[in-house]
Amino acid sequence: MAKIISYQRPESLEDALNLISQEKHIPLAGGTLLNAGEDVEPLHLVDLQGLDLKRIEEAKGRLQIGSMVTLDEVIKNTNCPESIRISARSELPSTLRALATIGGTVASADSHSQLLACLLVHEAEVTILGPNGESTSPLSDVLGNLEIFNSQLILSISIATDGKCVFEATGRTPADTPIVSVTTRKCDAGYRMAITGVAATPVLVDHENPTLSLEPPSDFRGSSKYRMQLAEVLSSRTLNSMDGDN
Ligand SMILES: Cc1cc2nc3c(=O)[nH]c(=O)nc-3n(C[C@H](O)[C@H](O)[C@H](O)COP(=O)(O)OP(=O)(O)OC[C@H]3O[C@@H](n4cnc5c(N)ncnc54)[C@H](O)[C@@H]3O)c2cc1C
């Protein structure tokens, strides 16, 4: 468990930002990762639960999800696309889903997160508050630049809600976190495809050539070559399944 040397619960975004700009001050959301961490480096926790970051609302034809919305709340919200609700359910066991937040999921950037893959294909954009004010960036850019969270706060994640999604995954059992998974969405603009387990974070790929430029890491669950093979097979299955439905 992390060594916590202070706990603060700011009630304004300004106070929260001032706190996390100080050395070793870190945002606390659901705490499922922070409290489970084995890092003994002393930390000052800045709890985000006093901030107004728990809304799910429609804005400009997209759905905006506050960063402190828990995975359980995502699952229960019928305005969220079914694909997002299903992938939120697959992320963690129910006890942790009641705590873990969508903002924490983005900041943790787990390579195996099917929810992140699903957010990527739903054209997710992340609104972040930093010392220079608010900015909004595509989730794919944010996942490639994670050090920004050292002194910035995720406020919300917005997604496109149209289209249809198909998942394919291979894991030790159907309930295990997949070794590799592919999520493909088809909408008016065409296909968007994202893969987990083949890079440091889930990645968007070109559906016409999904494995181009992938260099999957090897570990005890699968070699690089095996993961590459899975990415090829699973991606073509999602496309076949999508086209078979038409
Ligand atoms: C047993 C177990 C299994 C897990 N399995 C998975 C899994 O399969 N897939 C997966 O993706 N994760 C997994 N995790 C990790 C974790 O549960 C998730 O990533 C979770 O969604 C983190 O959300 P949280 O709200 O609990 O974040 P916290 O633990 O509160 O924070 C995690 C990190 O995100 C930062 N952060 C949180 N919110 C914000 C914000 N709004 N702005 C800026 N930074 C922020 C924190 O500072 C911290 O660095 C697992 C954890 C445990 C304990």
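Here the structure is a predicted model, which is why all the values come from computation and not from measurement.

### Here's the deal with the pattern of salt bridges
Alright, step 1. This model, assessed by the stated rule, comprises eight salt bridges.
Alright, step 2. The residue Glu73 makes a salt bridge to Lys54 at a minimum N-O spacing of 3.1 Å. With Glu73 in helix 2 (residues 71–76) and Lys54 in the loop between strand 3 (42–47) and strand 4 (56–59), this pair connects stretches of sequence that are 19 residues apart.
Alright, step 3. Exposure remark for Glu73: the relative accessible area of 32% places this residue in the partly exposed category.
Alright, step 4. Of the charged contacts, one joins Arg227 and Asp219 as a salt bridge, the two residues approaching to 2.7 Å between their closest N and O atoms.
Alright, step 5. Residue classification places Arg227 among the buried residues on the basis of a relative accessible area of 1%.
Alright, step 6. Among the residues examined, Asp219 registers a relative accessible area of 36% and is labelled partly exposed.

### A few points about the sheet that holds strand 8 (residues 153–159)
Backbone-to-backbone hydrogen bonds pair the strands of a sheet. The strands run either parallel or antiparallel.
Alright, step 1. Taken together, the five strands give an open sheet; going across it, the order is 4-5-8-6-7, and neighbouring strands pair in antiparallel fashion. Two strands in the sheet have a free side with no partner beyond their single neighbour: strand 4 and strand 7 (133–138). Ignoring strand direction, the axes of neighbouring strands in this sheet form an average angle of 25°.
Alright, step 2. Across six bridges, strand 6 (residues 125–130) lies against strand 7 in antiparallel orientation. Following the sheet pairing, Thr127 is matched in strand 7 by Thr136.
Alright, step 3. The strands that helix 1 (residues 13–20) touches are strand 6 and strand 8; relative to strand 8, the one it contacts most, it runs at about 120°.

### Regarding the environment of Cys118
Alright, step 1. Within the secondary structure, Cys118 sits in helix 6 (residues 114–121).
Alright, step 2. The class of Cys118 is buried, set by a relative accessible area of 0%.
Alright, step 3. Through-space distance from the C-alpha of Cys118 to that of Ser83 is 7.0 Å; in sequence the pair is 35 residues apart.
Alright, step 4. In this structure, Cys118 is in contact with Ser83, Ile84, Ser87, Phe167 and Thr183, ignoring residues within four places of it in sequence.

### Let's talk about the pairing of strand 10 (residues 180–187)
Alright, step 1. The element strand 10 is extensively covered by neighbouring structure, given that seven of its eight residues are classed as buried.
Alright, step 2. Where strand 9 (residues 164–170) lies against strand 10, seven bridges are found, and the strand directions are antiparallel. Among the inter-strand pairings, Cys165 is bridged to a residue of strand 10, identified as Arg185.
Alright, step 3. Judged from the seven bridges that link them, strand 10 and strand 11 (residues 190–196) form a sheet pairing that is antiparallel. Of the residues in strand 11, the one forming a bridge with Arg185 is Arg192.
Alright, step 4. The turn linking strand 10 back onto strand 11 is made up of two residues.

### Describing the domain arrangement of the protein
Alright, step 1. When the domains of the protein are assigned, the result is domain 1 (3–47), domain 2 (56–159) and domain 3 (164–244).
Alright, step 2. Using only C-alpha atoms to locate each centre, domain 1 and domain 2 end up separated by 19 Å.
Alright, step 3. At the junction of the two partners, domain 1 supplies nine residues and domain 2 supplies 14 residues.
Alright, step 4. Interface of domain 1 and domain 2: buried area, both sides summed, is about 950 Å²; carbon and sulfur atoms make up 79% of it.
Alright, step 5. The tally of links from domain 1 across to domain 2 stands at zero salt bridges.
Alright, step 6. On the surface where domain 1 and domain 2 come into contact, there are zero residue pairs in polar contact (both at pLDDT 80 or more).
Alright, step 7. Here the residues of the side of domain 1 that touches domain 2 are counted per class, giving seven nonpolar, two polar and no charged.

### Some thoughts on the packing of helix 3 (residues 82–91) against helix 6
Alright, step 1. Contact pair helix 3 / helix 6: the axes reach a minimum separation of 8 Å and the direction vectors enclose 160°. Here helix 3 lies roughly antiparallel to helix 6, going by the angle between them. Handedness of the helix 3/helix 6 crossing: left-handed. Where helix 3 approaches helix 6, its residues Ser83, Ile84, Ser87, Ala88, Ser90 and Glu91 are matched on the opposing element by Gln114, Leu115, Cys118 and Leu119.

Cut-offs and rules
- Residues numbered from 1 in each chain as written.
- Predicted model: local features only at pLDDT ≥ 70, side-chain atom pairs only at ≥ 80, totals over all residues.
- Heavy atoms only, no water.
- Salt bridge = Lys/Arg side-chain N within 4 Å of Asp/Glu carboxyl O.
- Helix = DSSP H or I, 4+ residues; strand = E, 2+ residues; numbered from the N terminus.
- Buried < 20%, exposed > 50% of the residue type's maximum accessible area, 1.4 Å probe, protein only.
- Pairing = 2+ DSSP bridges.
- Axes fitted to C-alpha atoms, helices over the stretch in contact; angles between N-to-C directions.
- Contact = heavy atoms within 4.5 Å.
- Domains from an automatic or database assignment.
- Buried area = accessible area lost by both parts, 1.4 Å probe.
- Polar contact = N/O pair within 3.5 Å; in protein donor to acceptor, adjacent residues only side chain to side chain.
- Nonpolar A, V, L, I, M, F, W, Y, C, P; charged D, E, K, R; others polar.
- Parallel < 35°, antiparallel > 145°, perpendicular 65-115°, else oblique.
- Left-handed = near helix turned anticlockwise from the far one by under 90°.

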